[in-house]
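Here's the letter readout for the chains.
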Amino acid sequence: MNHTEIEERDLARIIVVTSGKGGVGKTTTSAAVAMGLAERGYRTAVIDFDVGLRNLDLIMGCERRVVYDFVNVINGEANLNQALIRDKRNDNLYVLPASQTRDKDALTKEGVGRVLEQLSQTFDYVVCDSPAGIERGAMMAMYFADDALVVTNPEVSSVRDSDRMLGLLSSKSRRAENNAQPIREYLLITRYAPERVVKGEMLSVEDVQEILSMQLLGVVPESKTVLNASNSGVPVILDRTSDAGQAYADVVARYLGDDLPHRFLDVQKKGFFSRLFGG
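Every value quoted in this text rests on a predicted model; they were computed, and no experiment measured them. (Residues numbered from 1 in each chain as written. Predicted model: local features only at pLDDT ≥ 70, side-chain atom pairs only at ≥ 80, totals over all residues. Heavy atoms only, no water.)

Trainee: So what about the overall build of the protein chain? Which residues, and what values?
Mentor: Secondary structure assignment for the protein chain yields 14 helices and eight strands. Computed over its C-alpha atoms, the radius of gyration of the protein chain comes to 19 Å, within 12% of the 19 Å expected for a compact globule of 279 residues. Overall, the C-alpha framework of the protein chain stretches about 65 × 40 × 35 Å when taken along its three principal axes. For the protein chain, with 279 residues in total, the buried portion stands at 53%. Contacts in the protein chain between residues at least 24 apart in sequence constitute 75% of all its contacts with a sequence separation of at least 6. Entry remark: accessible area of the protein chain is about 13,000 Å², with carbon and sulfur atoms responsible for 46%. Of the charged side chains in the protein chain, 33 are positive and 39 negative; the average position of the first set lies 4 Å away from that of the second. (Helix = DSSP H or I, 4+ residues; strand = E, 2+ residues; numbered from the N terminus. Rg over C-alpha atoms; globule rule 2.2 N^0.38 Å. Buried < 20%, exposed > 50% of the residue type's maximum accessible area, 1.4 Å probe, protein only. Contact = heavy atoms within 4.5 Å. Areas by Shrake-Rupley, 256 points an atom, 1.4 Å probe, with all protein chains shown as cover. Lys, Arg positive; Asp, Glu negative; His and termini not counted. Charge placed at Lys NZ, Arg CZ, Asp CG, Glu CD.)

Take a look at the structure:
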């Protein structure tokens, strides 16, 4: 496939959510972004590439409805329609769960490519929830991407690992092999706590951007609502009263081209009443 074919095909845009380090919020991000795109009216599929662990179905709240999985489809043991789970809250959103029992080698380039090609015919966006690091699932998720959301926490080790992923994104993708336009890379900083930045316990947004030199798509503040949402099987973006939910809504809006100012970067000044009552 040459440069113009990749750019001109009227197929789904494939987004990989990736990081060098585990535990930074990739699956939370994949679920939130996929739901956000669906809420904006786009037909969206979200795929769990973490063969052997499988968490996306839990965060999406559909774990009891898993019959067939990604690997079943690759191996021809089920078709895509049998394996896709439609979200009960939004008819535009479908989940393709990972296999808990298979070996990671079950993800072949041909098999993954075939499934993504099929999804591309009927969906606007395909979000690939990548496992951490550079194991097979991560490389497969990254290989076919058009866009990459690089998720990092504001700490040195997480940012350094993300920097390593950027090198792979630019060299180990289908776009790189075909000399097509490079993957569009966006930075997403999660678990950000302005109070800790002020104390010098955490890197600032500026620090992270200086190291990674990427377009900042959003900053998601440290928030208990992320854990609560995960435990209850509801993508946090649906909690519109929470800072984290609003931050993810902003992320989706910016990804789709809206020009929004970044929020949640500064320490919240307490109002008169909260100071008065010790809030």
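Having seen the model, we can carry on.
Trainee: Residue-level account of the sheet that holds strand β5 (residues 125–129), with values.
Mentor: Spatially, the eight strands line up as an open sheet ordered β3-β4-β2-β5-β1-β6-β7-β8, and their pairing is mixed. What marks the edges here is a single partner per strand, and that holds for β3 (85–86) and β8 (215–221). Inspection of the sheet shows β3 paired to strand β4 (residues 93–96) by two bridges, in the antiparallel sense. Looking across to β4, one finds that Arg86 is bridged to Tyr94. Where helix α2 (residues 26–39) meets the sheet, its contacts fall on β1 (13–18), β2 (44–48), β4, β5, β6 (147–152) and β7 (184–192), and the angle it forms with β5 comes to roughly 170°. (Pairing = 2+ DSSP bridges. Axes fitted to C-alpha atoms, helices over the stretch in contact; angles between N-to-C directions.)

Trainee: Residue-level account of the pattern of salt bridges, with values.
Mentor: Tallying each qualifying case throughout the model produces 13 salt bridges. Across the salt bridge formed by Arg191 and Glu222, the nearest N and O atoms sit 3.5 Å from each other. Residue Arg191 is located in strand β7, and its partner Glu222 is located in the loop between β8 and α12 (224–232); the two are separated by 31 residues in the primary sequence. For Arg191, a relative accessible area of 41% translates into the label partly exposed. Assessed through its relative accessible area of 40%, Glu222 is described here as partly exposed. Among the charged side chains, a salt-bridge network with shared partners connects Arg13, Asp147 and Arg184. (Salt bridge = Lys/Arg side-chain N within 4 Å of Asp/Glu carboxyl O.)

Trainee: Kindly report on the pairing of β4, identifying the contributing residues and their values.
Mentor: Both faces of β4 are covered, namely the face carrying Leu93 and Val95 and the face carrying Tyr94 and Leu96. Here four bridges tie β2 to β4, and the two strands are oriented parallel to one another. For Ile47, the partnering residue across the bridge sits in β4 and is Leu96. Hairpin connection between β3 and β4: a loop of six residues separates the two successive antiparallel strands.

Trainee: Now, about the environment of Val251: what can you tell me, with residues and values included?
Mentor: Locating Val251 in the fold gives a position in helix α13 (residues 243–255). Sequence separation of Val251 and Leu216 is 35 residues, and the distance between their C-alpha atoms is 9.4 Å. Val251 has contacts with Val33, Leu188, Leu217 and Gly218, leaving out every residue within four places of it along the chain.

Trainee: Any chance you could break down the side chain of Asp87 for me, citing the residues and the numbers?
Mentor: Mapped onto the elements, Asp87 comes out in the loop between β3 and β4. Residue classification places Asp87 among the buried residues on the basis of a relative accessible area of 5%. Within the structure, the side chain of Asp87 is placed 3.0 Å from the backbone nitrogen of Asn90, a separation counted as a polar contact. Beyond its immediate chain neighbours, meaning those up to four positions away, Asp87 contacts Met35, Met60 and Leu93. (Polar contact = N/O pair within 3.5 Å; in protein donor to acceptor, adjacent residues only side chain to side chain.)

Trainee: Let's hear about the environment of Leu53: which residues, and what values?
Mentor: Within the fold, Leu53 resides in the loop between β2 and α3 (56–59). A residue is classified by how much of its surface remains accessible, and Leu53, at 52% relative accessible area, is exposed. Each residue touching Leu53, except ones within four places of it in the same chain, is listed here: Ser99 and Gln100.

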